[in-house]
Amino acid sequence: MSDKNFYITTPIYYVNDVPHIGHAYTTIACDVMSRYKRLKGYDVFFLTGTDEHGQKIQQSAEKQGITPQALVDKIHLNFKDLWRVLNISNNDFIRTTEERHIKTVQAVFKKLMDQGDIYKGTYQGYYCVPCETYVPESSMGENKTCPDCGRPLTIMTEESYFFKCSKYVDKLIKYYEENLSGVMPKIRYNEIMSFLKSGVRDQSVSRTSLKWGIPVPGDEKHVIYVWFDALINYISALGWPDDGQGKFKKFWPDAYHMVGKDIIRFHCVTWPLMLLALGIDLPKSIIAHGWWTFNGEKMSKSKGNVIDPFKMAEEYGLDAFRYFLLREVPFGNDGDFSELALVGRINSDLANDLGNLLNRTLQMIESYRGGVVPSGAVNSELKDFAAKTLEAVDLNLNKFAFDEALKSIWAFISRANKFIDETEPWKLAKDAAQADKLDCVLLSLYEALRFIALLIAPFMPDTADKMLAQLGVESLGGYDAFEFGKGADNKINKAEVLFPRIDIKEWQKNYEAKREELRKRMESLNLENKDIKDVEVKDAPAENVIEHEAEIGIDDFKTVEMRVAKIIKAEEIKKSKKLYKLEVDLGYETRTVCSGIKAFFTTEELDGKRVILVCNLKPAKLCGIESNGMILAASVKKDGVSEQLTLVVPEADIPLGSRVS
Ligand code: MSP
């Protein structure tokens, strides 16, 4: 068994959310660490997965008239899709509805009950249904709202099992005092220590108010609290207590959990207290990263400012997106997402610094040495710089300082570019007496590039592969096997552009136009909504005159987010002749939409109908009801009034929330 093991986990994601940049961020960071450790010769186990129990799933499934299991079976695939698109190299994907997980959770519960660390009591508290958590009065928002999502809290009283975690708090404080990197970075460590020292009460770990969860062994009217259930994924995936194929024994001693700063109490307090009670060693470290905002605001579906990782990867290239996320912001800090900053990094760091170095070097090897890498001595300064760069990358990645690791790689790239300017190979090539010197320059630059491909491979795996293909190198090898100078006599392939430069003026024009078009579209859609509000429409087009809109580009079209949804409830709005109030389900959330289709359907005809919803339409108040989106319909109008109307519907069964394009 290798003594170099590494176990890294992402949080398991709530399935009812659409995957967004926050999820992508944690998972890409874990992917980089996993790839890096593999290149260092470690046996890596990289785990991610989905958190599938809880009230929201139960409610959503009820509304759709399907079982919660059928719902999660469908929607967890959104995450699997994203990980495929983002080139994530996870070794396992755990779902909390899997038998292997349920078995472990029940074994944990039973063990703690048997040893008297779980007992029965009554719980009353303020509960946030969407966040599935009780909120202590001290952290409630104004008017008893949830401090995280801002929604109103509900008082809940229920018989509950409690975890006697207070018993282990002193032990945990002592552990953290002796293990300063148990929680990283320092600011989060301090936060956790002061929380622990302020006292921790026993925690309620079961619910009777919902059914969609893992039953408490021997008392099936209770299901296990979703967070208690979810945290256990980190050991259920390793096969605890039966120890799978030795995975728990092998990997648990080298466990690292990566999480966002919002969920550190669960990970740095609740989870370690559970482990102490179980007699299991604590993970090596829990690393908390900051949050991405957009234009300084928290991203949220209702504000429509959520960054879609699928879209970013498609528009700017996956590796550029991966690079940007980890380079732009120090890992523990919050960062504001800016597409302009992303474009800036593509042009300067990727196209200019890295792309040019590769291109210039390959072209010189082609012109001066017929495409064969010369042999001979290497430049010792560049060789030493490479060794120092690897030390810096090691040091920084072991501290999860991704941005610093990338900075040191780019310092090496700059040095290599400067080396070309200093040695002026084009002059050396003109003088036969300088042939050895030119050989040394070309070989050193080639080796620098081979080394850079290896260094960036964890961050940008596709780019590393493209570089190797051009350099004529078959496989990456590991860091320890790298020898500066060994690439002599390799035959290179054709130089190709790694990252095309983005014309910033053109980009800005398109970007502005994209935003302007979206704004106009929103406005015009709002006008249509006003029309629904019984406002007289002037200048309605004459019959048989087809009014065309101005031509738009595909990018403009893409700004309109349309998804498959299902009407789960249609209601009369007494005050309106035209409007219905519709409750629609997108699979990951439900919304209220007002729609001017009353003249064409009864409420019964609409119930259960699948439709297409424009999701990113600015909310509008219609008859006092906030409408969040618009369902698509085709109509024939006369004098501005619809005479005939039909809903646009998906022609075959497809998961709710699927994007229409
Ligand atoms: N299901 C729980 C985790 C259970 S782990 C035993 C959960 N899921 S989540 O889907 O809501 O969030 C998962 C992760 O996404 C968290 O680490 C959270 O910090 C991260 N992010 C969500 N939005 C984010 C940003 N805007 N920016 C960065 N990360 C953010 O919590």
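Refer to the preceding data block for the structure.
S.K.: Is there a simple way to explain the side chain of Thr-26 in this structure?
M.R.: Counting through the fold element by element, Thr-26 comes out in helix H1 (residues 21-39). When its relative accessible area of 3% is taken as the criterion, Thr-26 is described as buried. Polar side-chain contacts of Thr-26 include one of 3.1 Å to the backbone oxygen of Gly-22. Within the structure, Thr-26 has its side chain in polar contact with the side chain of His-289 (distance 3.0 Å). Those residues in contact with Thr-26 that lie beyond four places of it in its chain are Thr-10, Pro-11, Tyr-13, Met-258 and His-289.

S.K.: Would you take a moment to explain the pairing of strand S7 (residues 154-163) for this structure?
M.R.: On any regular strand, side chains alternate: one points to one face of the sheet, the next to the other face. Here strand S5 (residues 118-128) pairs with S7 via 10 bridges, running antiparallel. Bridge pairing in S7 places Tyr-127 opposite Thr-154. Two elements, S7 and strand S9 (residues 203-204), share 2 bridges in a ladder whose sense is antiparallel. Directly across from Phe-163, in S9, lies its bridge partner Gln-203.

S.K.: Could you clarify how one ought to interpret the site of the ligand in this entry?
M.R.: Of all residues adjacent to the ligand, which total 22 residues, the nearest are Ile-12, Asp-51, Gly-260, Asp-262 and Trp-292. Within the side chain of His-23, an N or O atom sits 3.3 Å from an oxygen atom of the ligand. Contact between the ligand and Asp-262: an oxygen atom at 2.5 Å from a side-chain N or O atom of the residue. Contact with the protein chains covers 95% of the free accessible surface of the ligand, which is 670 Å². Mapped onto the shell around the ligand, the elements with two or more residues apiece are strand S2 (13-14), H1, helix H8 (226-231), helix H9 (233-236) and strand S13 (255-260). The element best represented in the shell around the ligand is H8, accounting for 3 residues. Tallied by class, residues from the shell around the ligand come to 12 nonpolar, 8 polar and 2 charged.

S.K.: Help me understand the packing of aromatic side chains, please; the structure alone is not making it clear to me.
M.R.: Geometrically, a pair of aromatic rings is defined through the distance of the ring centres and the angle of the planes. The final tally for this structure, using the stated rule, is 33 aromatic pairs. Centroid distance Tyr-7 to Phe-45: 5.8 Å. Interplanar angle 45°. Geometry classified as tilted. Of this pair, Tyr-7 sits in strand S1 (residues 5-9) while Phe-45 sits in strand S3 (residues 43-51), and the two are 38 residues apart along the sequence. No difference in accessibility class separates Tyr-7 from Phe-45, as the two residues are buried. Centre to centre, the rings of Tyr-256 and Phe-400 are 5.9 Å apart; their planes meet at 45°, and the pair counts as tilted. Of this pair, Tyr-256 sits in strand S13 while Phe-400 is found in the loop between helix H15 (380-398) and helix H16 (402-423), placing the two residues 144 residues apart along the sequence. This pair shows no difference in class: Tyr-256 is buried, exactly as Phe-400 is. By the ring-pair criterion, three or more aromatic residues cluster together here, those being Phe-6, Tyr-25, Tyr-256, Trp-292, Phe-324, Phe-331, Phe-337, Phe-400 and Phe-402. Note that Lys-56 overlies the ring of Tyr-14, its terminal NZ or CZ placed 5.9 Å from the centroid.

S.K.: Honestly, helix H7 (residues 186-197) in this entry has me stumped. Any pointers?
M.R.: Counting along an α-helix, one turn takes 3.6 residues, and residues three or four places apart therefore face a common direction. Taking 1.5 Å per residue, 12 residues should reach 16 Å; H7 reaches 16 Å between its end C-alpha atoms and fits that length. Among the residues making up H7, those that are buried are Arg-188, Tyr-189, Ile-192, Met-193 and Leu-196. End-on view of H7: buried residues confined to an arc of 135°, all on one side of the axis. Facing away from the buried side of H7, by more than 90 degrees, are the exposed residues Ile-187 and Lys-197. Of the surrounding elements, those touching the buried residues of H7 are helix H6 (169-178), strand S8 (183-184), helix H11 (264-278) and strand S14 (285-289). Of the residues flanking the end of H7, it is Gly-199, one or two places downstream, whose phi is positive at about 100°.

S.K.: Please explain the pattern of salt bridges as it appears in this structure.
M.R.: Pairing between side chains of opposite charge can happen when the charged atoms of each approach one another. Counting across every chain of the model gives 37 salt bridges. One salt bridge in this structure joins Glu-328 and Arg-345, with 2.6 Å as the shortest N-O distance. Of this pair, Glu-328 sits in helix H13 (residues 318-328) while Arg-345 sits in helix H14 (residues 339-369), placing them 17 residues apart in sequence. In this structure, Lys-427 and Glu-424 form a salt bridge, with 3.2 Å as the shortest nitrogen-oxygen distance. Judged by its relative accessible area of 48%, Lys-427 falls in the partly exposed class. Residues joined in a network through salt bridges with shared partners are Lys-120, Glu-159, Asp-219 and Lys-221.

S.K.: How should I be thinking about the nonpolar core in this particular structure?
M.R.: Here is a general trend for soluble globular proteins: nonpolar side chains tend to be buried in one another's company. By size, the foremost hydrophobic cluster in this structure holds 102 residues, and its most contacted members are Leu-86, Met-258, Leu-326, Phe-337, Phe-402, Trp-410 and Phe-459. Here this core takes 14 residues from helix H18 (residues 435-456), the largest share from any one element. Inspection of this core shows a minimum of three residues originating in each of domain 1 (5-289) and domain 2 (336-558). If near-sequence neighbours (up to four positions away) are discounted, Leu-86 is found in contact with Ala-24, Ile-28, Ala-313, Leu-318, Phe-321 and Arg-322. Core analysis: the second largest hydrophobic core is formed by 61 residues, Tyr-168, Tyr-176, Ile-224 and Ala-230 among them.

S.K.: Would you mind showing me how to read the sheet that holds S7 here?
M.R.: An order of S6-S5-S7-S9 is seen for the 4 strands of this open sheet, with the pairing classed as antiparallel. Either end of the sheet is taken by a strand with one partner, and the two such strands are strand S6 (133-135) and S9. Note that S5 and S6 share 3 bridges and pair antiparallel. Note on S6: the bridge partner recorded for Cys-128 is Thr-133.

Cut-offs applied
Residues numbered from 1 in each chain as written. Predicted model: local features only at pLDDT ≥ 70, side-chain atom pairs only at ≥ 80, totals over all residues. Heavy atoms only, no water. Helix = DSSP H or I, 4+ residues; strand = E, 2+ residues; numbered from the N terminus. Buried < 20%, exposed > 50% of the residue type's maximum accessible area, 1.4 Å probe, protein only. Polar contact = N/O pair within 3.5 Å; in protein donor to acceptor, adjacent residues only side chain to side chain. Contact = heavy atoms within 4.5 Å. Pairing = 2+ DSSP bridges. Near = heavy atom within 4 Å. Areas by Shrake-Rupley, 256 points an atom, 1.4 Å probe, with all protein chains shown as cover. Nonpolar A, V, L, I, M, F, W, Y, C, P; charged D, E, K, R; others polar. Phe/Tyr/Trp six-rings, centres within 6.5 Å; stacked < 30°, edge-to-face > 60°. Lys NZ or Arg CZ within 6 Å of the ring centre and 35° of its normal. Expected span 1.5 Å × (residues − 1). Arc of directions from axis to C-beta. Salt bridge = Lys/Arg side-chain N within 4 Å of Asp/Glu carboxyl O. Core = buried A, V, L, I, M, F, W, Y, C linked by side-chain atoms within 4.5 Å. Domains from an automatic or database assignment.

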